[in-house]
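Residue-level structural notes
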Amino acid sequence: MQRRRVLSSLGACLGASSLAGVAGSAWAQAAAGSGAIALGQSAPFTGPSAQLGLQFNLGAQLYFDTVNAAGGVNGRRIELRRLDDGYDPERCVANTKQFIADGVFALFGYVGTPTSLAALPLATEAKLPFFAPFTGAQALREPFNRYAIHVRASYFDETAAIVKQVTSIGIKRVAVFYQNDAYGKAGLEGVERALKALNMEPAALGTVERNSNEVAPALKGIMAVKPEAIVQIGAYKACATFIRLARQQGYAGNFYNVSFVGTQALLDELGAVAKGVAVSQVMPFPYSAATPISGEYLAALKDQRGVVPNYSGIEGFVAARVLVEGLKRARGAGREAFIDAIGSMKDMSIGGFPLDFGPQNHTGSRFVELTLLTEDGRVRR
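Predicted model, so just to flag it, every value in this text is computed and none were measured.

On to the overall build of the protein chain, then. Scanning the protein chain from terminus to terminus reveals 13 helices and 14 strands. Computed over C-alpha atoms, the radius of gyration of the protein chain comes to 21 Å, within 12% of the 21 Å expected from 2.2 N^0.38 for 381 residues, which places it in the range of a compact globule. Along the longest, intermediate and shortest principal axes, the C-alpha atoms of the protein chain span 65 × 45 × 40 Å. A separation of at least 24 residues holds for 67% of the contacts in the protein chain among residues at least 6 apart in sequence. Looking at the protein chain as shown, the accessible area adds up to about 15,100 Å², and 51% of this sits on carbon and sulfur atoms. Between the mean site of the 38 positive side-chain charges and the mean site of the 31 negative ones, the protein chain shows a separation of 2 Å.

Printed below as a string of structure tokens:
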């Protein structure tokens, strides 16, 4: 605790580049002993997007608990520290500075595009791995950044799969409802790119502000063009509000969401209105042991009372497993060796989940599949 207070005091008067040296020194000292490998996660643990952060964190902690119970990695346990940012970039920046000052080994499982975009420059300057952010934004992938490491597919991959499915059944009028920030615009760009390749464009656009459920103006504009399908790029509460109101107005078309919406949270919000809602997924199916890693996740979840399996949870679980594999390969040699170790994970499988990293490729997966929500509370592949 005393070391943490000293680092925090230094953080108040040093910039990120100076903190990199302090944090690096702290890591070197810890590596020489048996201290924990500390990870910092800034995510929404309160507010309208809280289920995304809570479930990802729980899934990751499940795997870390299993590793720690078996003696840790090279004799060192993993400690996942979390700070709530409420899906707000300014709070995320403050949390990130705190983690850097505290000397964490890596930043892990940040949730959201606007928050991750705000935090990544700080991580890069401090030379901390920014590992497995819960976002598919291209701006975090291009240009290549040595310190940004992605386990999930991109929003371009997801929206391409959605547009392919929609247009394959003859639909031509596709509207887009999106969150008015970096996340929503990243998803919109993906839809527009995929449609443009087919000489098409969105029939209508509608927006909602981050952390808001005020969807009435967007609903009015989109319903006016009578779309055959609506692609949604938003968080679960706003998307669910839009869907319920559209159904009340008699809209019978299908809705398509990208994975960040939070499948289980959206399903919980919609109830019987979930029929006709599709979600693209970038993780293995978590509701049955369809893959070995799904089976591991379900086994780890068995003793968690009141917690149901879900995609956000298994994403945290998978991210934790990939991180631990990198730590084992790095053999305690430090952050740069850990990043190199991730780059060595080419053409491999983690419990049936395909990964293909490389020294200049830090997006490990392009896996996408579409699922359907049902009115009786299930997710169907």
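One water molecule sets the probe size; rolling that probe over the atoms shows where empty space is left. Approximately 260 Å³ is the volume found for the largest pocket. Forming the boundary of the largest pocket are 16 residues, of which Gln-138, Arg-141, Glu-142, Asn-361 and Thr-363 lie nearest the centre. Residues of the lining of the largest pocket, tallied by class, amount to three nonpolar, nine polar and four charged. The calculated volume of the second largest pocket comes to roughly 160 Å³. Along the wall of the second largest pocket there are 16 residues; nearest its centre are Gln-51, Gln-55, Gln-264, Ala-265 and Asp-268. Mapped onto the lining of the second largest pocket, the elements with two or more residues apiece are helix 3 (50-69), helix 9 (236-248) and helix 10 (263-270). Top element by residues in the lining of the second largest pocket is helix 10. It accounts for five residues. For the lining of the second largest pocket, the residue count by class is five nonpolar, eight polar and three charged.

Glancing now at helix 8 (residues 216-223). If you check which residues of helix 8 are buried, you get Ala-218, Leu-219, Ile-222 and Met-223. Buried residues along helix 8 cover an arc of 120° about the axis, so they all sit on one side. Exposed side chains of helix 8 directed beyond 90 degrees from the buried face belong to Pro-217 and Lys-220. Against strand 6 (174-179), strand 7 (204-208), strand 8 (229-233) and helix 9 lie the buried residues of helix 8.

Per the counting criterion, the structure on display carries 20 aromatic pairs. The interplanar angle of 75° and the centroid separation of 6.0 Å between the aromatic rings of Tyr-287 and Tyr-311 together place this pair among those described as edge-to-face. Of this pair, Tyr-287 sits in the loop between strand 10 (277-281) and helix 11 (292-301) while Tyr-311 sits in helix 12 (residues 311-330), and the two are 24 residues apart along the sequence. Residue classification places Tyr-287 among the partly exposed residues on the basis of a relative accessible area of 26%. By the ring-pair criterion, three or more aromatic residues cluster together here, those being Phe-56, Phe-64, Tyr-87, Phe-105, Phe-108, Phe-131, Phe-134, Tyr-155, Tyr-183, Phe-260 and Phe-338. Over the ring of Phe-45 we find Arg-82; its NZ or CZ atom is 4.3 Å from the centre of that ring. Residue placement shows Arg-210 over the ring face of Tyr-87; its charged tip is 5.9 Å from the ring centre.

Mapped onto this numbering, the UniProt entry gives "domain: Leucine-binding protein" (unreviewed entry) at residues 37-367. In this annotation, residues 37-367 is assigned 44% helix and 16% strand; the end-to-end C-alpha distance for the span is 29 Å.

Once that is clear, we can look at the pattern of salt bridges. Counted by the stated rule, this structure contains 14 salt bridges. Between Glu-79 and Arg-81 there is a salt bridge whose closest N-O contact spans 2.7 Å. Assessed through its relative accessible area of 15%, Arg-81 is described here as buried. Among the ionic pairs, Arg-152 bridges to Glu-158, the shortest N-O distance being 3.5 Å. Residue class for Glu-158 comes out buried when judged on its relative accessible area of 0%. It is possible to trace a salt-bridge network through shared partners that takes in Arg-146, Glu-336 and Asp-340.

With that settled, consider the sheet that holds strand 9 (residues 254-257). The strand order 7-6-8-9-10-13-14 describes an open sheet built from seven strands, whose pairing is mixed. Two strands in the sheet have a free side with no partner beyond their single neighbour: strand 7 and strand 14 (379-380). Across four bridges, the pairing between strand 10 and strand 13 (residues 369-373) is antiparallel. Bridged to Ala-278 within strand 13 is Leu-372. Against the sheet, helix 6 (residues 155-168) touches strand 6, strand 8, strand 9, strand 10 and strand 13, its axis set at about 160° to strand 9. In the packing of helix 10 onto the sheet, the strands contacted are strand 9, strand 10, strand 13 and strand 14, and the crossing angle to strand 10 comes to about 170°.

On to the sheet that holds strand 5 (residues 148-149). Note on sheets: strands pair through backbone hydrogen bonds, and any given pair is parallel or antiparallel. The sheet built from five strands is open, its strands ordered 2-1-3-4-5 with parallel pairing. At either end of the open sheet lies a strand with only one pairing partner, and these are strand 2 (78-84) and strand 5.

What follows covers the side chain of His-150. Position of His-150 among the secondary structure elements: in the loop between strand 5 and helix 6. Within the structure, the side chain of His-150 is placed 3.0 Å from the backbone oxygen of Leu-140, a separation counted as a polar contact. If we skip the residues at most four places from it in the chain, His-150 touches Pro-133, Leu-140, Arg-141, Phe-357, His-362, Thr-363 and Gly-364.

This brings us to the pairing of strand 9. For strand 8 and strand 9, the ladder comprises four bridges, and the chain directions are parallel. By the bridge assignment for strand 9, Ile-230 is matched with Phe-255. For the segment spanning strand 8, helix 9 and strand 9, crossover handedness is right-handed. Across three bridges, the pairing between strand 9 and strand 10 is parallel.

Rules of the game
- Residues numbered from 1 in each chain as written.
- Predicted model: local features only at pLDDT ≥ 70, side-chain atom pairs only at ≥ 80, totals over all residues.
- Heavy atoms only, no water.
- Helix = DSSP H or I, 4+ residues; strand = E, 2+ residues; numbered from the N terminus.
- Rg over C-alpha atoms; globule rule 2.2 N^0.38 Å.
- Contact = heavy atoms within 4.5 Å.
- Areas by Shrake-Rupley, 256 points an atom, 1.4 Å probe, with all protein chains shown as cover.
- Lys, Arg positive; Asp, Glu negative; His and termini not counted.
- Charge placed at Lys NZ, Arg CZ, Asp CG, Glu CD.
- 1 Å grid on protein atoms, 1.4 Å probe; cavity = no way out; pocket = protein on both sides within 12 Å on 5 of 7 lines; lining within 4 Å.
- Points joined across faces, edges and corners; volume = space filled by probe spheres on them.
- Nonpolar A, V, L, I, M, F, W, Y, C, P; charged D, E, K, R; others polar.
- Buried < 20%, exposed > 50% of the residue type's maximum accessible area, 1.4 Å probe, protein only.
- Arc of directions from axis to C-beta.
- Phe/Tyr/Trp six-rings, centres within 6.5 Å; stacked < 30°, edge-to-face > 60°.
- Lys NZ or Arg CZ within 6 Å of the ring centre and 35° of its normal.
- UniProt positions renumbered as here; feature names shortened; annotations may be inferred.
- Salt bridge = Lys/Arg side-chain N within 4 Å of Asp/Glu carboxyl O.
- Pairing = 2+ DSSP bridges.
- Axes fitted to C-alpha atoms, helices over the stretch in contact; angles between N-to-C directions.
- Polar contact = N/O pair within 3.5 Å; in protein donor to acceptor, adjacent residues only side chain to side chain.
- Right-handed = clockwise from strand over helix to strand, strands pointing away.

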